[in-house]
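So the chains spell out like this:
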Amino acid sequence: MSERVAVLEIEGVWKHYHRQNVLRGIDLSVDSHEVVCLIGASGSGKSTLLRCVNLLETIDDGAIHLDGTEITDVRANPDDVRKRIGMVFQAYNLFPYMTVLENITLAPRKAHGVARARAEEEARDLLARFGLADKATAYPDRLSGGQQQRVAIIRALATRPRLLLLDEVTSALDPALVAEVLEIIRELKESGMTMVLATHEMGLARDIADKVCFLDGGVLLEQGTAEQIFTDPREPRTREFLQRVLDARRI
Amino acid sequence: MSDPVSGAVTAPVDGKAWVKSDRQRERERLRRRRDLRSSSIATASTIVFFVLVVWLFTASPGWPRVKETFFDLGQFAGAFPDVLRGFLLNIKIFLIAEPLILVVGLLVALVRNLHAPVFFPLRSLAVLYTDIFRGVPTILVIYLVGFGLPALQLQGMPSDFATLGIIALTLSYGGYVAEVFRSGIDSVHPSQRAAARSLGLTHGQSMRFVVLPQAVRRVVPPLLNDFVSLQKDTALVATIGPLEALRQAQIHAADTFNYTPYLAAALLFILLTIPMARFTDYLAARSQRRRGM
Ligand SMILES: Nc1ncnc2c1ncn2[C@@H]1O[C@H](COP(=O)(O)OP(=O)(O)O)[C@@H](O)[C@H]1O
Ligand SMILES: [Mg+2]
């Protein structure tokens, strides 16, 4: 076993919107090659936490460290931080006026200064790896939801991020398409990608998460291995939430 | 519950209270210092810029002469009351023309969006209208309407030049505004129309209740931009005679060979357009905020 290296360290993070506390003192550490799943009811603060890590929101207290340096430091350059983090949204957010290849090569070329030919070659490799080789010149609205989301994930990977954030990437997809996206995430786990994902797919969390965190009203109420959270949750609120999810599945 | 931004403690919903940490206090201090630094830099560079511009002008060889003919305080005071009185007519023209233009523009845009074959003649008329009135310079439209319409000697045709000016401006700007509305309508995603039609709303109802509310919100900034332009173009009506601000300034300038009255008119126009420009900025900022930027 190699030495544990924390890639992401979240320390007592608070976030308010207006007078509402959306995150209340979140502590969380993510090691290299670790996959962390955030679960919790809608509105519990999962997206907000991911957006704070990507500096899309300014936190109101606490600190976030990436590879040992504080990214919430006032003097830190958010663009440099984001270059090291990939993020995938629930609604894909592909650029509709660009082809798949242009979507993927935009950041490597413009933000990372990779030459066009090399960026395209790497993009094509990624597309081939995830079974989308024939879609390189297609526009996003010509793709199915599952394909669009796979392209969005590839776009986030193209800059070789240190950390990948995925926010309910399967929630907008119908069940038949969920599988193809989950497969990509599994493959990323195999390849050792460090990931934090907010998800409603308990099956996925159980499968790939090294650590599962349960958020409840902006508080990280419980964290543990998937095994422990799903079979023997300590908090009654966690048990209640999992029961509700299970009941919904049965219907 | 104290304010989360300035206060130190917020009451918890259940149990966990926020006490502002030293780290956050330090971060806010750094942020304030950075803001102070950037605003001082902004102030300093603004002052340097204006000092340079003023120096450039006043140091030019022709400055004493320009100062005399354009910046004569006595002339300014003498002409100002008349120019201001004229300017009230500009405002009146603007206030009457603006709602008329909105109505004409919206109607033309809606007609251009009627796709049924029966409406072909109406639709081509609308196309012809926008093509003509966006193509002909506004000042020409004012001439043609101002001198052409009365010459027809039709029953009930207004002969007062301010009214004719309003008609000309409405015709000219109606063409622009129709295109603004039309691009707004086209920018609403087709799925919105499909959703409305699938609920059983007619074409008209979908337009009225689903498409237009979104389209109009989107075109408010370019519309306001057109209206700033209209405020200035009310001065073009001077060419057919009514005593508005520019005409009054011309009269004073012609008497004395001093151009300060023009400056007075310019000042009044600026004073009118600035609030409109700030209002446009405000609306743009608000819609950005609403979309969560
Ligand atoms: N931009 C915003 N302005 C105000 N409140 C917000 C904003 N974004 C999120 N919230 C609130 O923050 C809470 C957490 O939202 P979110 O992080 O999206 O939850 P989740 O992703 O777990 O469903 C919700 O109560 C939501 O209403
Ligand atoms: Mg969410």
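Look up: the structure comes first, before these words.
Figured I'd write up the structure that's included with this text. These numbers were taken from a predicted model, which means no experiment stands behind them. (Residues numbered from 1 in each chain as written. Chains lettered and ligands numbered in written order. Predicted model: local features only at pLDDT ≥ 70, side-chain atom pairs only at ≥ 80, totals over all residues. Heavy atoms only, no water.)

## Quick word on the side chain of A:Asp60
For A:Asp60, the location among the structural elements is in the loop between α1 (46-53) and β4 (61-66). Although buried, A:Asp60 forms no salt bridge, and the nearest oppositely charged side chain, A:Lys15, lies 4.2 Å from it. One polar contact links the side chain of A:Asp60 to the main-chain amide nitrogen of A:His16, over a distance of 2.7 Å. When neighbours within four sequence positions are excluded, A:Asp60 is seen to be in contact with A:Trp14, A:Lys15, A:His16, B:Trp18 and B:Gln24. (Helix = DSSP H or I, 4+ residues; strand = E, 2+ residues; numbered from the N terminus. Buried < 20%, exposed > 50% of the residue type's maximum accessible area, 1.4 Å probe, protein only. Lys, Arg positive; Asp, Glu negative; His and termini not counted. Salt bridge = Lys/Arg side-chain N within 4 Å of Asp/Glu carboxyl O. Polar contact = N/O pair within 3.5 Å; in protein donor to acceptor, adjacent residues only side chain to side chain. Contact = heavy atoms within 4.5 Å.)

## Considerations on the packing of helix α5 (residues 145-157) of chain A against helix α6 (residues 175-190) of chain A
Residues and elements named next belong to chain A. α6 packs onto α5 with a crossing angle of 20 degrees between their chain directions and a minimal axis gap of 8 Å. When the interaxial angle is binned, α5 and α6 end up roughly parallel. Regarding α5 and α6, the two cross each other, and that crossing is right-handed. Here α5 contributes Gly145, Gly146, Gln147, Gln149, Arg150, Ile153 and Leu157 to the contact with α6, which in turn contributes Leu177, Glu180, Val181, Ile184 and Leu188. Considering only residue class, the contact of α5 with α6 consists of 6 nonpolar, 4 polar and 2 charged. (Axes fitted to C-alpha atoms, helices over the stretch in contact; angles between N-to-C directions. Parallel < 35°, antiparallel > 145°, perpendicular 65-115°, else oblique. Left-handed = near helix turned anticlockwise from the far one by under 90°. Nonpolar A, V, L, I, M, F, W, Y, C, P; charged D, E, K, R; others polar.)

## Description of the nonpolar core
In terms of nonpolar packing, the biggest core is built from 51 residues, with A:Ile185, A:Leu188, A:Met195 and A:Leu197 touching the most fellow members. Judged by nonpolar contacts, the second largest core, of 40 residues, contains B:Ala109, B:Ile166, B:Ala215 and B:Val219. (Core = buried A, V, L, I, M, F, W, Y, C linked by side-chain atoms within 4.5 Å.)

## Here we look at the pairing of strand β8 (residues 195-198) of chain A
Residues and elements named next belong to chain A. Burial along β8 is two-sided: the face carrying Met195 and Leu197 and the face carrying Val196 and Ala198 are both buried. Here strand β3 (residues 35-39) pairs with β8 via 4 bridges, running parallel. Opposite Cys37, over in β8, you have Leu197 as the bridge partner. In the sheet, strand β7 (residues 163-167) pairs with β8 via 4 bridges, with the strands oriented parallel. Residue Leu166 lies in a different strand from β8, and its bridge partner there is Leu197. Taken together, β7, α6 and β8 constitute a β-α-β crossover, and its handedness is right-handed. (Pairing = 2+ DSSP bridges. Right-handed = clockwise from strand over helix to strand, strands pointing away.)

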